[in-house]
Amino acid sequence: MRISYSSLNTYQSCPLKYKYQNIDKIKAPKNIDALFGSSIHASLKFMFQRGPLYPTLDQIIDFFRTIWEQKKLPMDTDALDSSAETVYYKEGISLLEKFYKSNPPWNFNVADMESWFEFDIDDPKTGEKNTVSGIMDRIDKTEEGGFEIIDYKTKRKLPSQKDIDNDLQMSIYQLGLIKKWPHLSADKIKLSFYFLKHGEKISTSRTPEQIEETKKLILDTIRDISEKTKTGEFPPYPSPLCDWCEYKQ
């Protein structure tokens, strides 16, 4: 089975949503949060591109404005929808201004951006070879000679350190980075989430034992997906997030 972190996360959040998205291939309309997130991510990638000079803040804002207009959602004539889009747009500009001032790009040694990875993980129980893939927002070379994986988050909630220390996404990213650069050891990799709305970076690391637990969790989840695919039974996990689900209707 080929699977990405986002698909694994979707399945853990709601198996029925996973079915709609990955098995039934029902294309869901993007919402304004998705537009906001993709526009911010594209602008931050542009910010750290050097050719030969880094872009100015004005150039970054212009880039965001262009991306926003290109990806703009078809809105109803409802005044609330139009107003919401304006709020998101202004917040995006404010967020980029704050990030630029506290993170001038010339202060960082960026090794890669939107870095694709994939690694194989064999299931000793079924004999099946599985492939996990994903994209890391940014990889920096640290002053200590290691590497830091940075993932941007545009959500408002700030998780606890415990949540970050047990986060599946970063465990998978570490496996992906080691696959890309096998010479790296676990103690040379720093894992960081940057919460843009708060201007906060929360970092963590993974031990070899945690990585083995991650592999086990991935395999257990893949086996569960395979079993549900045979029966066709993918139950929903109702939660407050249902109100924002692309498949609510």
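Let me begin by describing the structure that accompanies this report. All values derive from a computational prediction rather than experimental measurement.

**Some points on empty space enclosed by the protein**
Empty pockets left among the atoms are what a rolling probe the size of a water molecule brings to light.
Next, step 1: On inspection of all chains with the given rule, the structure shows one cavity of 30 Å³ or more.
Next, step 2: Put simply, the largest cavity is a space of about 50 Å³.
Next, step 3: Lining the largest cavity we find His-41, Leu-44, Lys-45, Met-113, Glu-114, Asp-137 and Tyr-152.
Next, step 4: Grouping the constituent residues of the lining of the largest cavity by class yields three nonpolar, one polar and three charged.

**Quick look at the packing of helix H3 (residues 32-47) against helix H4 (residues 57-71)**
Next, step 1: One can describe the packing of H3 onto H4 by two numbers: an axis separation of 9 Å at closest approach and a directional angle of 145°. Of the two elements, H3 crosses H4, and the hand of that crossing is right-handed. Every residue of H4 that contacts H3 at Leu-35, Phe-36, Ser-38, Ser-39, Ile-40, Ala-42, Ser-43, Phe-46 and Met-47 is listed here: Gln-59, Ile-60, Phe-63, Phe-64, Ile-67, Trp-68 and Lys-71.

**Looking at the packing of aromatic side chains**
Aromatic ring pairs are described here by two measures, namely the spacing of the ring centres and the angle between the planes.
Next, step 1: As enumerated under the stated definition, the model contains 17 aromatic pairs in all.
Next, step 2: Centre to centre, the rings of Phe-36 and Tyr-88 are 5.6 Å apart; their planes meet at 75°, and the pair counts as edge-to-face. One end of the pair, Phe-36, is in helix H3; the other, Tyr-88, is in helix H5 (residues 79-102), with 52 residues separating them in the sequence.
Next, step 3: A relative accessible area of 1% means that Phe-36 is categorised as buried.
Next, step 4: A centroid spacing of 5.9 Å and a plane angle of 90° characterise the contact between Phe-99 and Tyr-152, whose relative ring orientation is edge-to-face. One end of the pair, Phe-99, is in helix H5; the other, Tyr-152, is in strand E4 (residues 147-153), with 53 residues separating them in the sequence.
Next, step 5: Classification of Tyr-152 by relative accessible area gives buried; the value is 5%.
Next, step 6: Aromatic ring contacts, followed pair by pair, group Phe-48, Phe-99, Phe-108, Tyr-152 and Tyr-194 into a single cluster.
Next, step 7: Taking NZ or CZ as reference, Arg-138 lies 4.1 Å from the ring centre of Phe-48, over its face.
Next, step 8: Seen from the ring of Phe-108, Arg-138 lies directly overhead, with NZ or CZ sitting 5.1 Å from the centre.

**Overview of the environment of Gln-169**
Next, step 1: Tracing the backbone through its elements, the reader meets Gln-169 in helix H7 (residues 168-180).
Next, step 2: Those residues in contact with Gln-169 that lie beyond four places of it in its chain are Tyr-5, Asp-151, Lys-153 and Phe-193.
Next, step 3: In terms of polar contacts, Gln-169 uses its side chain to reach the side chain of Asp-151, at 3.3 Å.

Calculation rules
Residues numbered from 1 in each chain as written. Predicted model: local features only at pLDDT ≥ 70, side-chain atom pairs only at ≥ 80, totals over all residues. Heavy atoms only, no water. 1 Å grid on protein atoms, 1.4 Å probe; cavity = no way out; pocket = protein on both sides within 12 Å on 5 of 7 lines; lining within 4 Å. Points joined across faces, edges and corners; volume = space filled by probe spheres on them. Nonpolar A, V, L, I, M, F, W, Y, C, P; charged D, E, K, R; others polar. Axes fitted to C-alpha atoms, helices over the stretch in contact; angles between N-to-C directions. Helix = DSSP H or I, 4+ residues; strand = E, 2+ residues; numbered from the N terminus. Left-handed = near helix turned anticlockwise from the far one by under 90°. Contact = heavy atoms within 4.5 Å. Phe/Tyr/Trp six-rings, centres within 6.5 Å; stacked < 30°, edge-to-face > 60°. Buried < 20%, exposed > 50% of the residue type's maximum accessible area, 1.4 Å probe, protein only. Lys NZ or Arg CZ within 6 Å of the ring centre and 35° of its normal. Polar contact = N/O pair within 3.5 Å; in protein donor to acceptor, adjacent residues only side chain to side chain.

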